[in-house]
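# Chain and residue survey
Letter by letter, the chains look like this.
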Amino acid sequence: MTRTEEKREMDMQLMKRMQEMRNYIRETQPLIHCITNPISIHDCANVILATGARPIMAEHPKEVEEITAVSSALMLNLGNITDVRMESMRLALAQANRDKIPVILDLVGVTCSHLRRRFAESLLEDGQFAVIKGNISEILAVASLPFHGTGIDAGAEDAVSEENQSQRGEVAKSLAKTLGCAVLATGKKDLVAVSDQAFLVSNGDLALSGITGTGCMVGALTASYLPAVSTGSPSSSMGRIKFTNSEHLVGDSYAESESAFSELALSAVLGVVTMGIAGEKATKVSHGPGSFQTSLLDEIFCLSDEEFAGKAQIFPL
């Protein structure tokens with residue numbers, strides 16, 4: 001088999017596995033616990049519903065452990081941070097780790113304040129994550145590299161380009177290896193990495209940057225697909241993640257993968273490709289940011305497996 005044929009076969013297997021994961025979420029309707037910011041909480045809940053999963057947006061410190069314990073995934077989002085949410089995130093993270101519930105950490109705004117950066121560092125030091133997500137400047141920041149973020153936006157100097165994409169991929173892979181999770185860096189080109197492999201996703205439309213919360217929604221979409229990772233599918237040709245209670249996790253990793261490209265990363269690929277394709281479709285039928293936002297949710301809900309496979313722009317680095 002030639003390298004071209006091998007790549008085609010791998011692409012088909014990856015697409016088949018992602019379709020299985022999408023179907024699994026629609027069939028099982030897992031509960032996704034989100035501790036997120038009030039700016040995007042409504043949109044995050046709706047995109048979770050659009051995948052077939054069920055959202056719960058609890059943040060009171062006295063109930064988050066109980067709610068996390070009955071959930072299938074946990075999303076922590078650092079946007080518009082408060083003391084109460086910081087306490088709740090610590091409690092929910094500890095509960096999720098005790099119960100081996102996958103967690104995504106969205107590093108919103110770690111480039112804009114020492115408070116968020118220190119808090120993110122403490123979470124990463126104390127807890128285990130399935131996926132960490134941020135724009136490229138936020139990923140560089142938690143990797144202790146120079147960054148140029150402004151507010152919650154990535155700096156233009158940090159953007160993934162043809163000239164630096166290999167270097168950015170190495171940074172993401174190194175960070176994934178250090179933290180034992182998948183890394184998702186969003187931007188005009190989205191970068192998804194595990195310790196030994198990285199992919200670029202080129203789906204999307206400029207209109208996605210014209211409404212608030214689309215980055216948070218990608219985090220929520222990724223969280224929606226994480227329950228399919230831990231459960232897997234007996235018919236899958238790609239194998240599945242094996243979550244383990246062992247205290248001897250290789251490299252302090254959260255999970256060991258039997259697949260060529262960790263399914264933790266596939267959940268992130270599903271998140272960014274779904275948002276990107278929906279954005280491309282929504283911009284064709286909308287007339288401005290208001291109608292675009294409505295159309296975006298409709299397109300996420302209506303996205304078929306055939307459209308997903310036909311429009312996904314996923315490239316190995």
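Look a little higher up for the structure.
The rules we used
- Residues numbered from 1 in each chain as written.
- Predicted model: local features only at pLDDT ≥ 70, side-chain atom pairs only at ≥ 80, totals over all residues.
- Heavy atoms only, no water.
- Helix = DSSP H or I, 4+ residues; strand = E, 2+ residues; numbered from the N terminus.
- Buried < 20%, exposed > 50% of the residue type's maximum accessible area, 1.4 Å probe, protein only.
- Contact = heavy atoms within 4.5 Å.
- Areas by Shrake-Rupley, 256 points an atom, 1.4 Å probe, with all protein chains shown as cover.
- Core = buried A, V, L, I, M, F, W, Y, C linked by side-chain atoms within 4.5 Å.
- Disulfide = S-S within 2.5 Å.
- Axes fitted to C-alpha atoms, helices over the stretch in contact; angles between N-to-C directions.
- Parallel < 35°, antiparallel > 145°, perpendicular 65-115°, else oblique.
- Left-handed = near helix turned anticlockwise from the far one by under 90°.
- Nonpolar A, V, L, I, M, F, W, Y, C, P; charged D, E, K, R; others polar.
- Pairing = 2+ DSSP bridges.
- Salt bridge = Lys/Arg side-chain N within 4 Å of Asp/Glu carboxyl O.

Right, let's talk about the overall build of the chain for a bit. The number of helices and strands found in the chain is eleven helices and eleven strands. Taking all 317 residues of the chain together, the buried fraction comes to 55%. For the chain, long-range pairs separated by at least 24 residues make up 72% of all intrachain contacts whose partners lie at least 6 apart in sequence. When the accessible area of the chain is evaluated, it comes to approximately 13700 Å², of which 51% is carbon and sulfur surface.

Further remarks concern the nonpolar core. Phe-261, Val-273, Leu-296 and Ile-314 are the most contacted members of the largest nonpolar core, which totals 56 residues. Residue contributions to this core peak at twelve residues, all from helix 9 (residues 263-285). The residues contacting Ile-314, other than those within four sequence positions of it, are Met-15, Met-18, Phe-199, Leu-200, Val-201, Val-269 and Val-273.

Let us look at the state of the cysteines. By the definition in use, this model includes zero disulfides. For the unlinked cysteine Cys-44, the closest cysteine sulfur is that of Cys-216, found at 5.2 Å.

Let us look at the packing of helix 4 (residues 83-99) against helix 5 (residues 114-126). At a closest axis distance of 11 Å, the pairing of helix 4 and helix 5 adopts a crossing angle of 15°. Classed by the angle they form, the pair helix 4 and helix 5 counts as roughly parallel. The two elements helix 4 and helix 5 cross, and the hand of that crossing is right-handed. Residues Met-86, Met-89, Arg-90 and Leu-93 of helix 4 pack against Leu-115, Phe-119, Ser-122 and Leu-123 of helix 5. The residue makeup of the contact of helix 4 with helix 5, split by class, is six nonpolar, one polar and one charged.

Quick look at the environment of Asp-196 now. Mapped onto the fold, Asp-196 is located in the loop between strand 7 (190-194) and strand 8 (197-201). With 23 residues separating them in the primary sequence, Asp-196 and Lys-173 have C-alpha atoms 6.2 Å apart.

The subject of this paragraph is the pairing of strand 3 (residues 73-77). Across the five residues that make up strand 3, a large majority, five, are buried. The alternating pattern of strand 3 places Ala-73, Met-75 and Asn-77 and Leu-74 and Leu-76 on opposite faces, both of which are buried. Two elements, strand 1 (residues 31-35) and strand 3, share four bridges in a ladder whose sense is parallel. What sits directly across from Ile-35, in strand 3, is Leu-76. Two elements, strand 3 and strand 4 (residues 103-106), share four bridges in a ladder whose sense is parallel. Looking at strand 4, one finds that Leu-74 is bridged to Val-103.

Looking now at the sheet that holds strand 4. Where strands meet in a sheet, backbone hydrogen bonds hold them as pairs that are either parallel or antiparallel. Read across the sheet, nine strands follow the order 2-1-3-4-5-6-7-8-11 without closing on themselves; strand pairing throughout is mixed. Each edge of the sheet is formed by a strand with only one pairing partner; in this case those strands are strand 2 (54-56) and strand 11 (314-316). This sheet shows a mean twist of 20° between the axes of neighbouring strands, independent of strand direction. Seen against the sheet, helix 2 (residues 41-51) touches strand 1, strand 2 and strand 3 and runs at an angle of roughly 155° to strand 2.

Looking now at the pattern of salt bridges. Here the structure, examined in full by the defined rule, presents eleven salt bridges. Between Lys-133 and Asp-106 there is a salt bridge, with its nearest N and O atoms 3.1 Å apart. Remark: Asp-106 occurs in strand 4 and Lys-133 occurs in strand 5 (residues 131-135); sequence separation between them is 27 residues. Taken individually, Lys-133 and Asp-106 each receive the classification buried, so the pair is uniform in this respect. For Glu-299, the salt bridge identified is with Lys-281, shortest N-O distance 3.1 Å. Of the two residues, Glu-299 sits in helix 10 (residues 289-302) while Lys-281 sits in helix 9, which places them 18 residues apart along the sequence. The same class applies to Glu-299 and to Lys-281, which are both buried. Here the residues in one salt-bridge network are Lys-16, Arg-17, Glu-20 and Glu-263, joined through shared partners.

Another point: the packing of helix 9 against helix 10. Relative orientation of the contacting elements helix 9 and helix 10 amounts to 130°, with a least axis distance of 8 Å. Relative to helix 10, the element helix 9 is oriented oblique. Our pair here, helix 9 against helix 10, has a crossing hand that is right-handed. On helix 10, the residues touching Thr-274, Met-275, Ala-278, Gly-279, Lys-281, Ala-282, Thr-283 and Val-285 of helix 9 are Phe-292, Ser-295, Leu-296, Glu-299 and Ile-300. Counted by class, the contact of helix 9 with helix 10 contains seven nonpolar, four polar and two charged residues.

Inspection of the secondary structure assignment puts Ala-223 in helix 8 (residues 214-231). Put simply, Ala-223 and Ala-268 are 45 residues apart on the chain and 8.3 Å apart in space, counted from C-alpha to C-alpha. Not counting residues up to four positions away in its chain, the partners in contact with Ala-223 are Ile-32, Ala-73, Met-75 and Ile-104.

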